[in-house]
Amino acid sequence: MRVRTLAVGLLVGGLALTGCGKEGSPGDSGSPPQTQAPAADVNVEGSATFAKMKSRGNVIIGVKEDQPGLGFKDPTTGKYSGFDIEIAKLVAAKLGFDESKIQYKAIPSAGREQAIINGDVDYYVGTYTINDKRKQQISFAGPYFTAGQDLLVKKDDNSITGPETLKGKKVCSVTGSTPIQRVRDQKLTDQITELQNYSQCVTQLDQGQVDAVTTDDAILKGYAAQEPDKFKVVGKTFSKEPYGIGLPKDDKPLRDKVNEILQNALDDGTWQKIYDSTLGKSGATAQKPTLEKY
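Definitions and cut-offs
Residues numbered from 1 in each chain as written. Predicted model: local features only at pLDDT ≥ 70, side-chain atom pairs only at ≥ 80, totals over all residues. Heavy atoms only, no water. Helix = DSSP H or I, 4+ residues; strand = E, 2+ residues; numbered from the N terminus. Buried < 20%, exposed > 50% of the residue type's maximum accessible area, 1.4 Å probe, protein only. Contact = heavy atoms within 4.5 Å. Areas by Shrake-Rupley, 256 points an atom, 1.4 Å probe, with all protein chains shown as cover. Pairing = 2+ DSSP bridges. Phe/Tyr/Trp six-rings, centres within 6.5 Å; stacked < 30°, edge-to-face > 60°. Axes fitted to C-alpha atoms, helices over the stretch in contact; angles between N-to-C directions. Parallel < 35°, antiparallel > 145°, perpendicular 65-115°, else oblique. Left-handed = near helix turned anticlockwise from the far one by under 90°. Nonpolar A, V, L, I, M, F, W, Y, C, P; charged D, E, K, R; others polar. Disulfide = S-S within 2.5 Å. Polar contact = N/O pair within 3.5 Å; in protein donor to acceptor, adjacent residues only side chain to side chain.

A. Geometry of the overall build of the protein chain. Along its length, the protein chain carries 10 helices and 13 strands. The 294 residues of the protein chain split such that 54% are buried. Excluding contacts between residues fewer than 6 apart, the proportion of contacts in the protein chain whose partners are at least 24 apart in sequence is 73%. Looking at the protein chain as shown, the accessible area adds up to about 12200 Å², and 46% of this sits on carbon and sulfur atoms.

B. View of the sheet that holds strand β3 (residues 71–73). Strand order across the open sheet formed by three strands is β2-β3-β4, with antiparallel pairing between neighbours. Across the chains shown, the open sheet's two edge strands, defined by having one partner strand only, are β2 (66–67) and β4 (80–81).

C. Expanded view of the pairing of strand β13 (residues 241–248). Judged by how many residues are buried, β13 sits mostly within the fold: eight of eight residues are covered. Across seven bridges, the pairing between strand β7 (residues 138–147) and β13 is antiparallel. Bridging from a neighbouring strand, A141 pairs with I245 of β13.

D. Region of interest: the packing of aromatic side chains. Here the structure, examined in full by the defined rule, presents 12 aromatic pairs. For the pair F83 and Y275, a centre-to-centre distance of 5.8 Å together with 85 degrees between the ring planes defines the contact as edge-to-face. One end of the pair, F83, is in helix α3 (residues 83–94); the other, Y275, is in helix α10 (residues 270–277), and 192 residues separate them in sequence. A residue is classified by how much of its surface remains accessible, and F83, at 0% relative accessible area, is buried. By relative accessible area, Y275 is classed as buried at 3%. Measuring from ring centre to ring centre gives 5.9 Å for F145 and Y275, while their planes differ by 20 degrees; the resulting arrangement is stacked. Residue F145 is found in strand β7, and its partner Y275 is found in helix α10; the two are separated by 130 residues along the sequence. Note on accessibility: F145 and Y275 belong to one class, buried. Among the aromatic residues, those joined into a ring-pair cluster are F83, Y144, F145, Y243, W271 and Y275.

E. Region of the structure containing the packing of α3 against α10. Contact geometry of α3 with α10 gives a least axis separation of 9 Å together with a crossing angle of 150 degrees. Relative to α10, the element α3 is oriented roughly antiparallel. α10 is crossed by α3, and the crossing has right-handed handedness. Contacts from F83, E86, I87 and L90 of α3 reach α10 at T270, W271, I274 and Y275. For the contact of α3 with α10, the per-class residue count stands at six nonpolar, one polar and one charged.

F. Examining the environment of V42 more closely. Residue position: V42 is located in the loop between α1 (6–13) and α2 (48–56). Owing to a relative accessible area of 14%, V42 belongs among the buried residues under this scheme. The spatial distance from the C-alpha of V42 to the C-alpha of F97 is 9.5 Å, given a sequence separation of 55 residues. Aside from chain neighbours lying at most four places away, what touches V42 is F50, K54, K94, L95 and G96.

G. Summary view of the state of the cysteines. Applying the stated criterion across every chain, the model contains one disulfide. In this model, C172 is linked to C201 through a disulfide, with the two sulfur atoms separated by 2.0 Å. Here the S-S torsion is close to -65 degrees, and the disulfide linking C172 with C201 is therefore left-handed. Taken together, the residues C172 in strand β9 (residues 170–174) and C201 in helix α7 (residues 198–206) connect sequence positions 29 residues apart. Judged on exposure class, the residue C172 and its partner C201 are both buried.

H. Spatial organisation of the side chain of K89. With respect to the helices, strands and loops of the structure, K89 is situated in helix α3. A polar contact is formed between the side chain of K89 and the side chain of E86, at a distance of 3.1 Å.

I. Layout of the environment of S47. Tracing the sequence through the fold places S47 in the loop between α1 and α2. The buried category is assigned to S47, whose relative accessible area is 4%. Placed 203 residues apart in sequence, S47 and D250 show a C-alpha to C-alpha distance of 9.1 Å. Excluding anything up to four places from it in sequence, S47 contacts D251, P253 and L254.

Honestly, it's all geometry; don't read function into it.
Right, dumping it as structure tokens:
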């Protein structure tokens, strides 16, 4: 399986953002804007999380590391890239932390809420769908993007054309994810495989151990673009997945500040530039989100 090894070539080829600031900043051709951190006297009054960041002198951001075009860690260089990574950097910069003050921490889907609750990360940016169940434990800023659940299958498989054709098929997704819960709730199939990350599911698909991988279309298009001769995305979405930035539940001042940062990026074109130079290269359609008001 070449999902991991081909990732380096993918990044060079342009699907994912080629670098993250000091971790290999892209050039001027289609690269996301380089957001400078504002003055060091930035303050978010009443935010315990922000006070902790300032006291520590850096920001710890929870991310994904196996999603090309979104949140990807180059296995050779250790550098992070993608749309989510650039959104995470934008927020950090506007809070007063330049790239030398960012620590990325890869957290799998099933561990996200607990990592935020425990204070292991200051905020989380990684294809994190906003829903009411999660809001019982944490809060969200955003959404900063809206995806839709889809299916990744082998290129020569014409038997799966949408969710209604999954009966009797083996479907893989990630433990703790919204997509696998939807498959279960809607009884689309009773043959479900849950793994820790999506790259493991793609490996199983390649080896013929499962028939489909399901998650958001944005993620799946990243994998399909890595090996277009092997995989394809069915292209029939059956949900809406609003991606939010996960934050401690009671930190309203920080949530309001991050929403302000996101809204400004949507209004001044920064969001579009980041999207076009990262996730947009995967073929995923850009739809500017409307921030939640709660």
